[in-house]
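Coordinate analysis (summary)
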Amino acid sequence: MDALAGRRPGWWIAPVYLAMAALMVPWIVVLAQTLPDRMVSANYRTAWVGFDVLLALALGRTAWLTYRRSPFLGNIASATATLLVVDAWFDVTTSPGGPQLAEAVAAALLVELPLAALSLVLARRAAAEIARTGAVRRYRWEFHRRSEQV
């Protein structure tokens with residue numbers, strides 16, 4: 001059995017995350033005042049291609065776990081939603097304007113953000129199914145039982 005199964009997180013975890021969130025506020029102010037409006041990046045193409053590879057892997061994994069009706073869908077679907085929102089944000093905010101901006105806004109509104117919302121619905125439903133049925137415990141038991149039969 002997993003050593004952490006059924007254990008509550010330590011009392012200190014929530015305050016640490018809250019402190020980190022609070023520390024981000026002055027950092028955001030500093031960035032807003034000091035970062036240039038424009039910047040040439042030597043790795044712009046690599047950054048976007050790498051991000052889109054990661055997004056494609058997340059979408060594929062979400063599809064696979066949905067097909068398998070896996071109890072682990074919630075985590076991946078949440079990550080996929082996050083990547084889609086980040087992709088929409090940076091596509092729109094880094095667009096040079098004109099037709100490229102219109103294309104980025106259309107992609108965000110018609111594809112990326114609706115797919116992110118669907119991913120969050122999948123994650124919520126997976127979490128509800130786990131809470132209702134104890135699917136993770138059953139999934140682990142079935143996995144171990146099958147591996148012992150081999």
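1. Remarks on the packing of aromatic side chains
Counted under the stated rule, the structure contains three aromatic pairs. Geometrically, the ring pair formed by Tyr44 and Trp48 is edge-to-face, given 6.4 Å between the ring centres and 65° between the ring planes. Residue Tyr44 and its partner Trp48 are both found in helix 2 (residues 44-67); the two are separated by four residues, about one turn of the helix. With centroids separated by 6.2 Å and ring planes inclined at 80°, the aromatic side chains of Trp48 and Phe51 adopt a geometry described as edge-to-face. Remark: Phe51 and Trp48 occur in helix 2; sequence separation between them is three residues, near one turn of the helix.

2. What to know about the packing of helix 2 against helix 3 (residues 73-93)
Where helix 2 meets helix 3, the closest approach of the two axes is 9 Å, and the angle between their N-to-C directions is 145°. Here helix 2 and helix 3 pass one another in a crossing that is left-handed. For the pair helix 2 and helix 3, the contacting residues are Trp48, Phe51, Asp52, Leu54, Leu55, Ala58, Leu59, Arg61, Thr62, Leu65 and Thr66 in the first and Leu73, Ile76, Ala77, Thr80, Leu83, Leu84, Val86, Asp87, Phe90 and Asp91 in the second. Classifying every residue of the contact of helix 2 with helix 3 by side-chain character gives 14 nonpolar, three polar and four charged.

3. Some details on unusual backbone geometry
Of note, Arg69 is a non-glycine position whose phi angle comes to about 55°, a positive value. Of note, Arg69 is situated in the loop between helix 2 and helix 3.

4. Remarks on a nonpolar patch on the surface
A grouping of Val85, Leu101, Val105, Leu109, Leu110, Val111 and Leu113 is seen on the molecular surface, where their side chains present a nonpolar patch of about 580 Å² in accessible area. One can find Leu113 in helix 4 (residues 98-133). Of the residues examined, Leu113 reaches a relative accessible area of 34% and is grouped as partly exposed.

5. Overview of helix 2
With 24 residues, helix 2 extends 35 Å between its outermost C-alpha atoms, agreeing within 8% with the 34 Å of an ideal straight helix rising 1.5 Å per residue. Listing the buried residues of helix 2 in full gives Phe51, Leu55, Ala58, Thr62 and Leu65. Those residues of helix 2 that are buried lie in contact with helix 3 and helix 4. In the stretch just after helix 2, Arg69 is the one whose phi turns positive, near 55°.

Reading the values: the criteria
The residue numbers shown here count from 1 along each chain, following its written sequence. Predicted model: local features are reported for residues with pLDDT of at least 70 only, side-chain atom pairs are reported and counted for 80 or more only, and whole-chain, interface and lining totals are derived from all residues. Computation of side-chain values covers all heavy atoms of the structure but excludes hydrogens and water. Pairing of aromatic side chains here covers Phe, Tyr and the six-membered ring of Trp, requires ring centres within 6.5 Å, and sorts the geometry by plane angle: under 30 degrees stacked, over 60 edge-to-face, intermediate tilted. Counting from the N terminus, the helices are the DSSP runs of H or I reaching at least four residues and the strands are the DSSP runs of E reaching at least two. Comment: axis = line fitted to C-alpha atoms, over the contacting stretch for helices; angle = value between 0 and 180 degrees taken between N-to-C directions. When the near helix sits turned anticlockwise from the far one by under a right angle, the crossing is termed left-handed; a clockwise turn instead gives a right-handed crossing. Contacts: residue pairs with any heavy atoms within 4.5 Å of one another. Throughout this entry, Asp, Glu, Lys and Arg are counted as charged residues, while Ala, Val, Leu, Ile, Met, Phe, Trp, Tyr, Cys and Pro are counted as nonpolar. The remaining residues, Gly among them, count as polar. Patches draw on residues past 30% relative accessible area with no salt bridge. Two like charges within 9 Å are joined, as are two nonpolar side chains (Val, Leu, Ile, Met, Phe, Trp, Tyr) within 5 Å. Exposure was quantified through the Shrake-Rupley algorithm and a 1.4 Å probe, taking into account, for residues, occlusion by the shown protein chains and nothing else. Here, a salt bridge means any Lys or Arg side-chain nitrogen found within 4 Å of an Asp or Glu carboxyl oxygen. A 1.4 Å probe rolled over the protein chains alone gives each residue an accessible area, and that area as a share of the maximum for its type sets the label: buried under 20%, exposed over 50%, partly exposed in between. Expected helix span is taken as 1.5 Å per residue step, with the number of steps being one fewer than the number of residues.

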